[in-house]
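Each chain is listed here by its residues.
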Amino acid sequence: MFVSVVGEFSQDDHKMAAHELFRQYGLKEIIADVFETVSIKENTLARLKRDVDRITDYYDTVRFYQFPVEETLVITSLSKKKWRRTLVRA
């Protein structure tokens, strides 16, 4: 599964912690604050999301773009400490 992660962080320590976390999970930084991987499993991705939730606060925003999930693009976002999920079908 292809996963791209985009983060906007309110504090530098949150940004550094998130970047280190993304690297630990095998994501590579493509451009500033954008990470990608093509080799992550669903259960590992779920763990990553829990870990991201733990290190962020109300003012941080993180978006996960996943493809394919049942032949759809899934955009999962964490904003104001709430998760939202959007399905984009062809």
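Residues numbered from 1 in each chain as written. Predicted model: local features only at pLDDT ≥ 70, side-chain atom pairs only at ≥ 80, totals over all residues. Heavy atoms only, no water.

**Examining the overall build of the protein**
Argument step 1. For the protein, the helix and strand inventory stands at two helices and six strands.
Argument step 2. Rg of the C-alpha trace for the protein: 12 Å, near the compact-globule value of 12 Å for 90 residues, within the 12% margin.
Argument step 3. Of all 90 residues assigned to the protein, the portion counted as buried reaches 39%.
Argument step 4. Taking the contacts inside the protein whose residues are at least 6 apart along the sequence as the reference set, 50% of them involve residues at least 24 apart.
Argument step 5. Of the roughly 5,700 Å² of accessible surface on the protein, a fraction of 51% belongs to carbon and sulfur atoms.
Argument step 6. For the protein, the separation between the mean place of its 15 positive charges and that of its 14 negative charges on side chains is 5 Å. (Helix = DSSP H or I, 4+ residues; strand = E, 2+ residues; numbered from the N terminus. Rg over C-alpha atoms; globule rule 2.2 N^0.38 Å. Buried < 20%, exposed > 50% of the residue type's maximum accessible area, 1.4 Å probe, protein only. Contact = heavy atoms within 4.5 Å. Areas by Shrake-Rupley, 256 points an atom, 1.4 Å probe, with all protein chains shown as cover. Lys, Arg positive; Asp, Glu negative; His and termini not counted. Charge placed at Lys NZ, Arg CZ, Asp CG, Glu CD.)

**Observations regarding the nonpolar core**
Argument step 1. Counting 16 residues, the largest nonpolar core has Val 5, Phe 22, Leu 27, Leu 48, Val 52, Val 62 and Phe 64 as its most contacted members.
Argument step 2. Every element with two or more residues in this core is listed here: strand S1 (2-8), helix H1 (12-24), helix H2 (42-55) and strand S4 (61-69).
Argument step 3. Not counting residues within four places of it along the chain, the set of residues in contact with Phe 64 comprises Val 3, Ser 4, Val 5, Leu 45, Leu 48, Lys 49, Val 52, Val 74, Ile 75, Thr 76 and Trp 83. (Core = buried A, V, L, I, M, F, W, Y, C linked by side-chain atoms within 4.5 Å.)

**Points about the pairing of strand S6 (residues 82-88)**
Argument step 1. Here seven bridges tie strand S5 (residues 72-79) to S6, and the two strands are oriented antiparallel to one another. Each residue of the ladder has a partner; that of Val 74, found in S6, is Leu 87.
Argument step 2. The hairpin turn running from S5 into S6, its antiparallel successor, is two residues long, and Lys 80 in that turn takes a positive phi close to 55°. (Pairing = 2+ DSSP bridges.)

**As for the packing of aromatic side chains**
Argument step 1. Scanning all chains against the criterion turns up three aromatic pairs.
Argument step 2. Ring centres of Tyr 58 and Tyr 59 lie 5.2 Å apart, and the angle between their planes is 85°; on these two criteria the pair is classed as edge-to-face.
Argument step 3. Here Tyr 59 falls in the exposed class, since its relative accessible area comes to 62%.
Argument step 4. Judged by centre distance (6.1 Å) and plane angle (35°), the ring pair of Phe 64 and Trp 83 falls under tilted. Of the two residues, Phe 64 is situated in strand S4 and Trp 83 in strand S6; the sequence distance between them amounts to 19 residues.
Argument step 5. Residue classification places Phe 64 among the buried positions, given a relative accessible area of 0%.
Argument step 6. Its relative accessible area of 33% is what places Trp 83 among the partly exposed residues.
Argument step 7. Lying over the aromatic face of Phe 64, Lys 49 brings its terminal NZ or CZ to 5.5 Å of the ring centre. (Phe/Tyr/Trp six-rings, centres within 6.5 Å; stacked < 30°, edge-to-face > 60°. Lys NZ or Arg CZ within 6 Å of the ring centre and 35° of its normal.)

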